[in-house]
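Okay, here's what each chain looks like letter by letter:
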Amino acid sequence: MAGRALLLAGPPGTGKTAIAMAIAHELGNKVPFCPMVGSEVFSSEIKKTEVLMENFRRSIGLRIRETKEVYEGEVTELTPVETENPMGGFGRTISNVVIGLKTAKGTKQLKLDPSIYEALQKEKVEVGDVIYIEANSGAVKRQGRSDTFATEFDLETEEYVPLPKGDVHKKKEVVQDVTLHDLDVANARPQGGQDVLSLVGQLMKPKKTEITDKLRQEINKVVNKYIDQGIAELVPGVLFIDEVHMLDLETFTYLHKSLESPIAPIVIFATNRGRCVIRGTSDIYSPHGIPLDLLDRLMIIQTTPYKVAEIEQIIKLRAQTEGLSIDEEAVASLSEVGSKTTLRYAVQLMTPAFQSAKVNGRTQIIKEDILEVNDLFLDAKRSSEFLQKSSKFMK
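A brief structural summary. Quantities reported herein were computed from a predicted structural model and do not represent experimental measurements. (Residues numbered from 1 in each chain as written. Predicted model: local features only at pLDDT ≥ 70, side-chain atom pairs only at ≥ 80, totals over all residues. Heavy atoms only, no water.)

Turning our attention to the packing of helix α10 (residues 328-340) against helix α13 (residues 367-376). At a minimum axis separation of 7 Å, α10 and α13 run at an interaxial angle of 30°. Looking at the two axes, α10 sits roughly parallel to α13. Contact residues: α10 offers Glu-329, Ala-330, Ser-333, Leu-334 and Val-337, while α13 offers Lys-367, Ile-370, Leu-371 and Asn-374. Classifying every residue of the contact of α10 with α13 by side-chain character gives five nonpolar, two polar and two charged. (Axes fitted to C-alpha atoms, helices over the stretch in contact; angles between N-to-C directions. Helix = DSSP H or I, 4+ residues; strand = E, 2+ residues; numbered from the N terminus. Parallel < 35°, antiparallel > 145°, perpendicular 65-115°, else oblique. Contact = heavy atoms within 4.5 Å. Nonpolar A, V, L, I, M, F, W, Y, C, P; charged D, E, K, R; others polar.)

Structure follows, in structure tokens:
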């Protein structure tokens, strides 16, 4: 499905954005999902096409599997060894750190560099924690508290992990999920010096900086190399562009080109427009405000207004989520209001209806509360009728 595109087309309030959010929820945390609105591409700081490409790259994940040599276990001892400061003076410095690690199979004592002690302090490692230390880089990762200490307190927020199996010194597969945009940013950020001028220069730079196509091509080459070697796996995610009719002809052309690239996510567009002018032109009309050549690539899904029975079900779910008590007659009345106006308006009436019930000394919303708040507030249709009748007061 990578490089494919869908279009959700339907009137306002028919669940287009809700479908996109449901897709994001279903995909979970491991698959990238990047939502954006068509008007986001118009910025004074950065090019329109750059905004689109950034979001494209955010929607493509890379799962890197690496086999690393690590020391893993429960910390049984953590002793920093101090020595005289070589620079002189009364202060003392840490020459090394002795750490004891225990697994289900055995124990091992390690003598580590002082820089690793700093990493242990940053991770807030204590005796009883389960950690692993990478042998080649010295990177320290705290996995949690050993479950042998689970009964230490009656109530706490600590995460407990079981005692690692096997030897202390082992080979472990480490899986890391990143997006292509993360790689772009990491490689595009210049590493300045530590002097005052460099630090001030970094502060003065604008927050938004464009990433060049040349850099992206180099990163793509490295990514493809990793994929060929079996180290990494490409995870095409989902890019959701709401109000797609807000894009102009230039961005549509760029989208068309990006969808044809070998590394592309699944793109979902959403619009509530019918036949209208393509933005950036004055006389080119097209269905949904999308050029015909791009429209030809899309699988179009039509969303229709909800029926009364569906509105009833949604209102009941919403009341349950918000902790509101509402009787059957009130639900039927509110569903009828929603079918004549919109679902959004009906849902928005629930909170004032509950306030009306509270004023009248009730904890449950009844039909009279719905009728009262519906008379107090206007929906879009009644508001436009009011404006037509009283145009002399409001122009």
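Another aspect to go through is the sheet that holds strand β11 (residues 238-242). Whenever strands of a sheet pair, they do so through backbone hydrogen bonds, lying parallel or antiparallel. Overall, parallel pairing links the five strands, which are arranged β2-β11-β12-β1-β15 in an open sheet. Of all the strands in the sheet, the pair left with one neighbour each is β2 (33-37) and β15 (298-302). Taking each pair of neighbouring strands and ignoring which way they run, the sheet shows an average axis angle of 20°. Across the face of the sheet, helix α1 (residues 16-27) comes into contact with β1 (5-9), β2, β11 and β12 (266-271) while running at roughly 165° to β11. Docked against the sheet, helix α2 (residues 48-58) engages β2, β11 and β12, running at close to 155° with respect to β2. (Pairing = 2+ DSSP bridges.)

Within the largest apolar cluster, 26 residues are counted, with the highest numbers of intra-cluster contacts made by Ile-241 and Phe-269. For this core, the secondary structure elements donating two or more residues are β1, β2, α2, β11, α7 (249-259), β12 and α8 (292-295). Other than its neighbours up to four places away in sequence, Phe-269 contacts Ala-5, Leu-6, Leu-7, Leu-8, Ile-241, Val-244, Leu-255 and Leu-298. (Core = buried A, V, L, I, M, F, W, Y, C linked by side-chain atoms within 4.5 Å. Buried < 20%, exposed > 50% of the residue type's maximum accessible area, 1.4 Å probe, protein only.)

On the surface, a cluster of nonpolar side chains totalling about 270 Å² of accessible area is made up of Leu-378, Phe-386 and Leu-387. When you line up the elements, Leu-387 lands in helix α14 (residues 380-389). (Patch = residues over 30% accessible without salt bridge, like charges linked within 9 Å, V, L, I, M, F, W, Y side chains within 5 Å. Areas by Shrake-Rupley, 256 points an atom, 1.4 Å probe, with all protein chains shown as cover. Salt bridge = Lys/Arg side-chain N within 4 Å of Asp/Glu carboxyl O.)

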